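Structural description and commentary
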Amino acid sequence: MGDLKKDDKKQTGGQRPRRRNPSQGEREESEFIEKLVSINRVAKVVKGGRRFAFGALVVVGDGNGRVGFGSGKAREVPEAIRKATEEAKGSMVRIPLREGRTLHHDISGRYDAGRVHMRTAPPGTGIIAGGPMRAVFEALGLRDVVAKSIGSSNPHNMIRATFEGLTRILSPRSVASKRGKKVSDIVGQRETTETSNGASNGAAEAAVEAANGAVNETGK
């Protein structure tokens, strides 16, 4: 027995084999931002009574332009969340972001009865959205965006409508390649449009304020 142990030490170089560090996989998984959107309990009527199950809707993103969603169903809540998380990680898509904080342009999305509208926002605006849409934006890495749901309040429809709109967002580089132009030309046109829209909005606000002031003076 002593000779066998010596032979084993010689083959392994006198060192014990290294064990895999379990925390390494946990670090890789922790790189993703996981958001639990909703948990739904469903019941199936059987001969002996009712059999309960749980459905989970999860959004997963890396906070840097990649996001996905998934749903899972199981007899227990943790198992349903695990299934939904795995599906979300497998369905992640890349969304182009403007300056890494907002959308490149306004966009609307629609799925079934769910309709959403998303708009770009200046720095410091924050995420003005609620419920499932906020979870998508936070996992995606957006910091300035204004969004509104004008359709169904069903979480599944809102999530799918949001993704339908986000996947149609085009970056200036992709638009320039399709039109055969330079990126600077596309960006210049966008800045000109935003400036004109801002000026028209400012003029409209000034006109409304002047009209309100005239009405107040007339009332006095």
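One can find the structure itself at the top, above this paragraph.
Since the structure is predicted, the reported quantities are computational estimates derived from the model, not experimental observations. Counting starts from 1 at the beginning of each chain's written sequence and moves along it residue by residue. Predicted model: local features are reported for residues with pLDDT of at least 70 only, side-chain atom pairs are reported and counted for 80 or more only, and whole-chain, interface and lining totals are derived from all residues. Hydrogens and waters are ignored; side-chain quantities use all the structure's heavy atoms.

Describing the pairing of strand β3 (residues 66–74)
Cut-off, in case you're wondering: A pair of strands is considered paired only if DSSP assigns at least 2 bridges between the two. In DSSP terms, a helix is any run of H or I states spanning at least four residues, a strand is any run of E spanning at least two, and both are numbered starting from the N terminus.
Examined bridge by bridge, strand β2 (residues 49–61) and β3 share 8 bridges and lie antiparallel to one another. Across the sheet, the residue bridging to Val58 is Gly70, located in β3. What sits between β2 and β3 in their antiparallel hairpin is a turn of 4 residues, with Gly63 showing a positive phi close to 70°.

Considerations on a positive patch on the surface
Basically, it comes down to this: Patches draw on residues past 30% relative accessible area with no salt bridge. Two like charges within 9 Å are joined, as are two nonpolar side chains (Val, Leu, Ile, Met, Phe, Trp, Tyr) within 5 Å. Where accessible areas are quoted, they stem from the Shrake-Rupley method and a 1.4 Å probe; at the residue level, only the protein chains shown are allowed to cover. For this analysis, a salt bridge means a side-chain nitrogen from Lys or Arg found within 4 Å of a carboxyl oxygen belonging to Asp or Glu. When charges are counted, Lys and Arg contribute as positive and Asp and Glu as negative, whereas His and the chain ends are disregarded. By convention, the charge on Lys lies at NZ, on Arg at CZ, on Asp at CG and on Glu at CD. Each residue's exposure class comes from its accessible area (1.4 Å probe, protein chains only) as a fraction of the maximum for that residue type: buried when under 20%, exposed when over 50%, partly exposed otherwise.
Residues Lys44, Arg51, Lys73 and Arg75 make up a contiguous surface patch of positive charge. Structurally, Lys73 can be placed in strand β3. Residue Lys73 is classed as exposed on the basis of its relative accessible area of 53%.

Overview of the pattern of salt bridges
Summed over all chains, the structure comprises 9 salt bridges. Ionic pairing is found between Asp144 and Arg101, a salt bridge with its closest N-O pair at 3.3 Å. Here Asp144, found in the loop between α4 (132–140) and β8 (145–149), pairs with Arg101, found in the loop between β4 (93–94) and β5 (107–111); they are 43 residues apart in sequence, far enough to count as distant. Here Asp144 matches Arg101 in class, with each residue buried. Note that Arg168 is salt-bridged to Glu164, the shortest N-O span being 3.0 Å. A network of salt bridges, in which partner residues are shared, links Lys35, Arg134 and Glu138.

All quantities given are derived from atomic positions and should not be read as evidence of function.
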